[in-house]
Amino acid sequence: MATHEFAAQAHAHAAPQGFIRKWIFSLDHKVIGLQYFFLALTAVLVGMFLSLLMRIHLIWPTVPLPLLGEIKPETYLSLLTMHGTIMVFFVLTTAPQGGFGNYFLPIQIGAPDMAFPVLNMLSFWTTFLGFVVLLAAFFVTGGAPLHGWTGYAPLSALQSAGPGEGLGADLWIISIAIFCIGALMGALNFITTTLDMRAKGMTMMRMPLTCWAWFITAILGLLAFGVLLSAGILLLMDRNLGTSFFVPLVTVNGQLTGHKGGSPLLWQHLFWFFGHPEVYIAILPAMGLCSQLLSVFSRKPIFGYKAMVYAMLSIGFLGFMVWGHHMFMSGMSPYTAFAFSIMTMAIGVPSAIKTFNWLGTLWRGKLRFTSPMLFAIGFVSLFVTGGISGPFLAQPVLDIYLHETYFVIAHFHLIMGVASIFGIFAATYYWFPKMFGRMMNETLGKLHFWLTFVGAYAIFMPMHYYGMAAGLRRYSQGTEVAWIQHLLPLQKFITIAAFVTIASQFIFVFNLFWSMKKGKKASDNPWEATTLEWTTATPPPHDNFGGKTPVVRNGPYEYSVPGASRDFVMQSDEEIKKKH
Amino acid sequence: MADSVVSQDIPSVYEPSLFGTYSKKIGMWLFLMSDSLTFGALLYAYSYGRISTAGWPTPFHSASIINATIMTAFLLTSSLTMVLAVRASVQHDAKAQTLWLLATMVCGAAFVVLHGKEWSNLIAEGLTLPMFPAVPGHEANAEFANVAKSVPQFPSTFFTLTGMHMLHVTLGIVYLGVVALRRKFIPVLLVLWLIAWLGTPAYSPFHYGSHVLLLAAIVCGIILWLKPKVYDSSDVEVAGLYWHFVDLVWMFIFPLVYLMSARIL
């Protein structure tokens, strides 16, 4: 059989010539990582704009907007659907894994590139195509679909179910299916790269926790997206070939649809079998990154490295066992609900271990409050705040009350949305010097952090109260509902907080582009970190290490080692002799 | 070839990989894991429909079962020829390798053609999806028509599962063709596309389905343009993994969809 030498040759490819092969159809994982990053940046701006429109509509439902006119209730549902889909798929899944994972996984494990560069390129362009198809849904007859990012049947399965459920919904499903294919190609590549291309000495247990997180995320993606792909195909058939997988005998506007015998619950099972792992696909890379940054900026080894790895593995494993907790409303047997409930609460254990270890890492460290560090600490805060409402929702009795309210919106936005976004911000501030050769502005970074941190809480804490007071989600005109009239000031407060938070994101965007041109020149290792990406040039050469392959002799978190000449020992430095 | 000799003792720049194997093989196993979940979801949908529907029909008469058995025989034979192709590639017998690969493709093609004919017959006799156009000049079988009307889940799951599998076999043939003939296969593929497109009547699902071959030709063309290299024994082995997997999936579909829906008693 083939050897590793053979493997090394197979992966090597010459530096590309010409603009198109270098920047457009590039095989270089670093360029592809940047492409993913900018795709996610575009997507997040679109998604954020949609949420702004929704917030405006919620407090001034009848006020016409410049250029867009009045937002009708069905348009509100379209905005909601597109906001969710864009954010979950093209931001939270794309940026941390496709973007930073692509750029830094190979460098951190000491590889010249991903295992399959062509596949890597194809996975980006597939994802890009998916995004274009999704946006196209805005511009077709009937507009964007209104079935939510979860696409519950039968609403999503019937062409006649409403405006936007025509071609728009077809494009939505096709976009998701395309995204699945791209994500599968990416996941396969990540796992193979991690298993097969670690530099000499980079054993699995010497990998930075970021690499572990990307690796486990890729495994989740590999197992979850295949199921969503099938579900999407079946949904597309229900809509266009007249099959009835998800549609029972129903009437729309008094007309029989011609479908019968299907089950909307089948869609929910298939969707959430993907959907719950997807939550971890969004959050795990941020967890790995946060572990990394807390160690770097506390100048201390990560507290409980192995516990962190096993906690991530068990979160990933349990993530496949709990999809039913999204379906407590479906009338499932209380015994089944009980089983899902127990499994869900069990996830609290590894999550608590992680939080404990993050705090243990900070404990008595020499803290350096740089922008990436602030975002990492902010992540821990949001993870706890968003996570603590999890055990409430994990109990069927409470969930049945809370599920259709803003309480759930607040919960998943804090933990899956904002916490992951904080991970993305932290990663951007942390790795920007390596990616672009310059530092981002610290003052703007800190301003951005405080505005976003306070803003995120100001938006999502009131949503918990609004939800507990039975403020129902998906209602486009809460102003018309009698029992929540008195909570309108709360909604106004949320909208104003959203204005401020969204506006402060432009500080980040400005900082990003301004620093690329005008930022302070970065040294090769500005944060005095230990992992391999800081041993190479800034920005890294085409093959990452300039023709050499690094040899790894130390673990990833050797900070403040007693007796060492400086307070960090890099992974490729001389081996530390440890006293046992 | 030197690069396929076992040389684990030579100091490598990498950590030992999983099971000491090469990336492409790991990649293919991972793809198969994910693909088994894709099929798993379809089989789940099938089981869900079957269990939740009272009076699931068992309309397949012996003609269908015999046809499916012959198809199964072709597919099993193709796995044997695939093994022989892998063996020839390990022995560096290029000619035998190409011949066995072509034999595998022929068996696979026979499977697809038989399956396609069976689909066409079923559709013509009334076991059809609502959106498939009616077949002109064909007498509907009352029983099939009744099944399609009373239990739409039956034709839905049947066409989805077997269609997805047929797609996998077709892409497998393309894959083997590229490994066996490389660039020379692209014109062959285009000819096959034209035959499938023009040779099927406009109302047949295969008339539209044939464009999969055109799409495959384009994708293969791009891949061969990006990586214009000679394929070696490892590529044959990896292609073999895929082929055996597709065969294995059929071993689930054949009993679940055909045998359990056979009218034997």
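None of these values were measured; they are calculated from a predicted model. (Residues numbered from 1 in each chain as written. Chains lettered and ligands numbered in written order. Predicted model: local features only at pLDDT ≥ 70, side-chain atom pairs only at ≥ 80, totals over all residues.)

Side note on the overall build of chain B
(1) Moving on: Secondary structure summary: chain B contains nine helices and zero strands in total.
(2) Moving on: When the helices and strands of chain B are listed from N to C terminus, the series reads α-α-α-α-α-α-α-α-α.
(3) Moving on: Along the first, second and third principal axes, the C-alpha set of chain B runs to 70 × 40 × 30 Å.
(4) Moving on: Looking at chain B as a whole, 39% of its 265 residues qualify as buried.
(5) Moving on: Sequence separation of 24 or more characterises 75% of the internal contacts of chain B that already satisfy a separation of 6 or more. (Helix = DSSP H or I, 4+ residues; strand = E, 2+ residues; numbered from the N terminus. Buried ≥ 20, exposed ≤ 12 C-beta atoms within 10 Å, placed from the backbone. Contact = placed C-beta atoms within 7 Å.)

Here we look at the overall build of chain A
(1) Moving on: Counting its secondary structure elements, chain A contains 18 helices and two strands.
(2) Moving on: Relative to a compact globule of 580 residues, whose C-alpha radius of gyration would be 25 Å, chain A shows 24 Å and is just as compact.
(3) Moving on: Reported as C-alpha extents along the three principal axes, the dimensions of chain A are approximately 75 × 55 × 50 Å.
(4) Moving on: Relative to its 580 residues, chain A shows a buried fraction of 56%.
(5) Moving on: Restricting the contact set of chain A to residue pairs at least 6 apart, pairs at least 24 apart contribute 81%. (Rg over C-alpha atoms; globule rule 2.2 N^0.38 Å.)

A few points about the interface of chain A and chain B
As a measure of interface size, the accessible area lost when the parts come together is often cited.
(1) Moving on: Opposite the 45 residues of chain A that make contact, chain B presents 42 residues.
(2) Moving on: At the level of secondary structure, the elements contributing two or more residues to the side of chain A that touches chain B comprise helix H1 (4-11), helix H7 (167-196), helix H8 (209-240) and helix H9 (264-298) of chain A.
(3) Moving on: In terms of residue count, H8(A) provides more of the side of chain A that touches chain B than any other element does, 10 residues in total.

Brief notes about the nonpolar core
(1) Moving on: Counting 243 residues, the largest nonpolar core has Cys290(A), Phe379(A) and Ala426(A) as the members making the most contacts within it.
(2) Moving on: Not counting residues within four places of it along the chain, the set of residues in contact with Ala426(A) comprises Leu289(A), Cys290(A), Leu293(A), Pro372(A), Phe375(A), Ala376(A) and Phe379(A). (Core = buried A, V, L, I, M, F, W, Y, C linked by C-beta atoms within 7 Å.)

Details of helix H12 (residues 348-362) of chain A
Two residues of an α-helix separated by three or four positions point the same way, owing to the 3.6 residues in each turn.
Residue and element names in this part refer to chain A.
(1) Moving on: The end-to-end C-alpha distance of H12 is 21 Å, a good match for the 21 Å that 15 residues give at a rise of 1.5 Å each.
(2) Moving on: Buried within H12 are the following residues: Pro-350, Ser-351, Lys-354, Trp-358 and Thr-361. Axial view of H12: buried residues confined to an arc of 105 degrees, hence all on one face.
(3) Moving on: Against the buried residues of H12 lie H9, helix H10 (305-319) and helix H13 (371-388).
(4) Moving on: Looking one or two places after H12, you find Arg-364, whose phi comes out positive at around 60 degrees. (Expected span 1.5 Å × (residues − 1). Arc of directions from axis to C-beta.)

Observations concerning the confidence of the model for chain B
Low pLDDT marks stretches whose predicted atomic positions should not be read closely.
Residues and elements named next belong to chain B.
(1) Moving on: Per-residue confidence for chain B gives a mean pLDDT of 88; residues scoring 70 or more make up 95%.
(2) Moving on: Confidence drops under a pLDDT of 50 for residues 1-10, and excluding neighbours within four residues, the segment shows 14 contacts in the predicted structure.
(3) Moving on: Across the assembled chains, the prediction reports ipTM 0.91 with pTM 0.94. (pLDDT = per-residue confidence, 0-100.)

Here's the deal with the packing of helix H5 (residues 153-181) of chain B against helix H6 (residues 185-198) of chain B
Residues and elements named next belong to chain B.
(1) Moving on: The interhelical angle for the contact between H5 and H6, taken along N-to-C directions, is 145 degrees, at an axis separation of 9 Å. Each of Val-174, Gly-177, Val-178 and Leu-181 in H5 lies in contact with H6, whose residues at this interface are Phe-185, Val-188 and Leu-189.
(2) Moving on: Of the residues assigned to the contact of H5 with H6, the class counts are six nonpolar, one polar and no charged. (Axes fitted to C-alpha atoms, helices over the stretch in contact; angles between N-to-C directions. Nonpolar A, V, L, I, M, F, W, Y, C, P; charged D, E, K, R; others polar.)

Observations regarding the environment of Arg55(A)
Residues and elements named next belong to chain A.
(1) Moving on: The residue Arg-55 is located in helix H3 (residues 29-59) in this model.
(2) Moving on: Taking the C-alpha atoms as reference, Arg-55 lies 8.7 Å from Lys-492; in sequence the two are 437 residues apart.
(3) Moving on: If we ignore the near neighbours within four places in the chain, the residues touching Arg-55 are Thr-495 and Ala-498.

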